[in-house]
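Coordinate analysis (summary)
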Amino acid sequence: MDWFDFSLKLPVTDPTWIFLLVLLIILFAPILLNKLRIPHIIGMILAGLVIGEHGFNILVRDSSFELFGKVGLYYIMFLAGLEMNMGDFKQNRGKALVLGLLAFIVPIGIGMVTNMALLKYGVVTSILLASMYASHTLVAYPIVIRYGVSRHRSVSIAVGGTAVTDTLTLLVLAVVGGLFKGESDGLFWIWLVVKVIFLGVLIVYSFPRIGRWFFRRYDDNVMQFIFVLAMVFLGAGLMEFVGMEGILGAFLAGLVLNRLIPHVSPLMNHLEFVGNALFIPYFLIGVGMLIDLHVIFGRGDALKVAAVMIAVALTGKWIACWLTQKIYGMGGVERELMYGLSNAQAAATLAAVLVGYNIILPGGERLLNDDVLNGTVLLILVTCIVSSFITERAARKIAMDEAHLEENRSAEGERILIPVANPDTIEDLMNLSLVIRDPKQKDNLLALNVINDDGSSEVAELRGKRHLEMAAMITASADVPLRQITRYDMNIASGIIHTAKEYEVTDVIIGLHRRINIVDSFFGMLTENLLKGLHREVMVTKLLMPINTIRRVIVAVPPKAEYEAGFQKWLEHFCRLGGTLGCRLHFFANEETTAHLQALVKKKYGQTLTDFSRLDDWGDLLLLTGQVNYDHLLVIISARRGSISYDSSFEKLPGQISKYFANNSLIVLYPDQLGEPQDAVSFSNPRGNNESQHYEKVGKWFYKWFGKN
């Protein structure tokens, strides 16, 4: 008798195991991709390649991949339309229209010539392939949000141009797809134009009105979600009903429902969640199962096709941005930012290649062959990387320019938040806040006790009250009022972030995390989550002696720190600390940053005792070990990942601190950041948000190489 009826046969055909394997890929692939610095969209395609018939033949591309793949394709195009900022488009509609037209006409013109001359493709194939060069996806848009320059003119123009370019690209795609679905007699083109105009007007006129009526009558989240999906597939179905491509209808549905679904609404969150969790990854895995590495490396045609596609796409977009810059007299950095944003190929490119790949010509060959399909993967990979590091470079330049303009902004009210949880550090944290606070402002100290909202006992609440009372006694002895706050929240970091936003906190002082085990991070999850969710100044503190016994303060300042929004604030804090304690501040920085420090100290804090020394090799803090004694306070000015002064050497900071300065009092400070933190993992963001520094390293190498040559 067989207790287990189990036999392993590949490929797997049982629906239960197919779905389980796909879910496991969706679950674990992002974890691995972040380690390997691979864009999420490419990683999921590679996962499909590995499990597909051209890889280990674990799964076959069955009807489930056809179904979910089509849903995922519509979902990508719908989200692309939904995430367009139509307000920015209206504000710069003229310039955006020009950039959109140029970004469509130039790449498609160059593409048609090269496709016919170099790749020897026919007219229809060349047109469809050239339309892929014309489309683009705002892969790098989270970067400009992070730097706080999303309202800049060049960003608005690029975003508006995306709507124009992608709409024209999808029209070309719909025309080519319709050409092979109907009779191409003399009246075909006239009838096709009539159908497109009629359906376009119908969707633009009726969908918003139907949506407005539904949202006013029904506020149930599930019903609203199902209604929006129904509208997406209605738009796609109507397009397919008249012989067009359904992705055009899905994209138009996203554009017209844009105003009814705010970006910060629960409905938008539900739409993105379902798409990113299931439909879009399923679609990308299905695309990967079509890829054949033997075609890419088996002969030279695939690499040649990929090289031509990449070269034409990069060149065409640059020419379009250069012409837009010259027409409107814009600056070079604005052209660079427009080019970075409009360079990445992803959503519409995948849509176009799959439509062409699925069209079978009378001779039996595909309209877009395997070479183009495989070349598209390389095109997406290269353009996403180039787009990311060019946008990073340009956005940083603009943020640095705007930082100079912000130097004279009016001082905001100061509110310092001190979370109290560890009774051993309360006295140190409170005394530090007393010496850096502005004595001219009242009620600017807030102590916070966060209680996990998980049915905790009364013991935790009583313990928290004792901690707050202990903090209040310390400030009362200095005749300084303290606002005491108790908050229930899902975790400590969330409680601090929400409190900081509700009370408009400008600074947060926390104690340095104590490592519990060998796999624990140096700063701990609390600090890491706090830095991800809060863009205000954060001081991570470890004091081994009372603050009033500190004899000297050593401040290590990284290059470009003067361009951060919080530069003046942290300098004022430590000059105030030095003045209050009567100790000397010794700054270590490179020549340019030192000049800014000296000028600001001389202008505003002339009474503070200061010294300045050169520190050019920021990557090795071993140079400071001879300067920091047991009764000194070491202050390291760090930065959040992706900010102006962030450097890859900061990744070595925890190891250097624990190795060289384990027995020293220490503050690691993260200054104010201009933009809002961006950390969401999303497959509709093909780049992901964790690879920017990796791309930046590659970008620096390229710029240096071109500079030498």
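The structure displayed is predicted, hence computed values, not measured ones.

1. Observations concerning the overall build of the chain
Along the chain, the regular secondary structure elements total 25 helices and 10 strands. When the accessible area of the chain is evaluated, it comes to approximately 31,800 Å², of which 59% is carbon and sulfur surface.

2. With respect to helix 3 (residues 63–82)
Compared with an ideal rise of 1.5 Å per residue, which puts 20 residues at 28 Å, helix 3 spans 28 Å between its outermost C-alpha atoms and is within 8% of the ideal. Among the 20 residues in helix 3, 15 count as buried, and that is most of the element.

3. Some thoughts on the sheet that holds strand 6 (residues 552–556)
One key point about sheets: their strands pair by backbone hydrogen bonds, in either a parallel or an antiparallel sense. The sheet built from 10 strands is open, its strands ordered 3-2-1-4-5-10-9-6-7-8 with mixed pairing. Each of the sheet's edge strands pairs with one partner strand only, and the pair in question is strand 3 (483–489) and strand 8 (610–614). Adjacent strand axes in the sheet meet at a mean angle of 20 degrees, parallel and antiparallel pairs treated alike. Sheet topology note: the strand 9 (residues 632–637)/strand 10 (residues 665–670) ladder contains 5 bridges and is parallel. Bridge pairing links Val-635 to Ile-667 in strand 10. The strands touched by helix 23 (residues 591–604) are strand 7 (584–589) and strand 8; relative to strand 8, the strand with the most contacts, the crossing angle is about 170 degrees.

4. Concerning the packing of aromatic side chains
Overall, the coordinates contain 17 aromatic pairs when judged by the stated rule. On the basis of an interplanar angle of 35 degrees and a centroid distance of 6.3 Å, the ring pair of Phe-19 and Tyr-282 is categorised as tilted. With Phe-19 in helix 1 (residues 15–36) and Tyr-282 in helix 12 (residues 266–288), the pair connects residues that are 263 residues apart, well separated along the chain. Judged by relative accessible area, Phe-19 falls into the partly exposed class, the value being 32%. Residue Tyr-282 is classed as buried on the basis of its relative accessible area of 1%. A connected cluster of aromatic rings, assembled from ring pairs, spans Phe-19, Phe-65, Phe-68, Tyr-75, Phe-279 and Tyr-282. Over the ring of Tyr-205 we find Arg-209, and its NZ or CZ is 3.9 Å from the ring centre.

5. Focus: the environment of Leu-581
Secondary-structure assignment places Leu-581 in helix 22 (residues 567–581). Sequence spacing of Leu-581 and Asn-548 is 33 residues, and the spatial spacing of their C-alpha atoms is 6.2 Å. Apart from residues no more than four positions distant in its own chain, Leu-581 is found in contact with Val-435, Ile-547 and Asn-548.

6. Some remarks on the pairing of strand 6
Counted residue by residue, strand 6 has 4 buried out of 5 residues, so it is predominantly covered. With 5 bridges connecting them, strand 6 and strand 7 associate as parallel partners. Within the sheet, the bridge partner assigned to Ala-556 lies in strand 7 and is Phe-588. Handedness of the β-α-β unit built from strand 6, helix 22 and strand 7 comes out right-handed.

Conventions and cut-offs
Residues numbered from 1 in each chain as written. Predicted model: local features only at pLDDT ≥ 70, side-chain atom pairs only at ≥ 80, totals over all residues. Heavy atoms only, no water. Helix = DSSP H or I, 4+ residues; strand = E, 2+ residues; numbered from the N terminus. Areas by Shrake-Rupley, 256 points an atom, 1.4 Å probe, with all protein chains shown as cover. Expected span 1.5 Å × (residues − 1). Buried < 20%, exposed > 50% of the residue type's maximum accessible area, 1.4 Å probe, protein only. Pairing = 2+ DSSP bridges. Axes fitted to C-alpha atoms, helices over the stretch in contact; angles between N-to-C directions. Contact = heavy atoms within 4.5 Å. Phe/Tyr/Trp six-rings, centres within 6.5 Å; stacked < 30°, edge-to-face > 60°. Lys NZ or Arg CZ within 6 Å of the ring centre and 35° of its normal. Right-handed = clockwise from strand over helix to strand, strands pointing away.

Nothing here speaks to function; it is all geometry.
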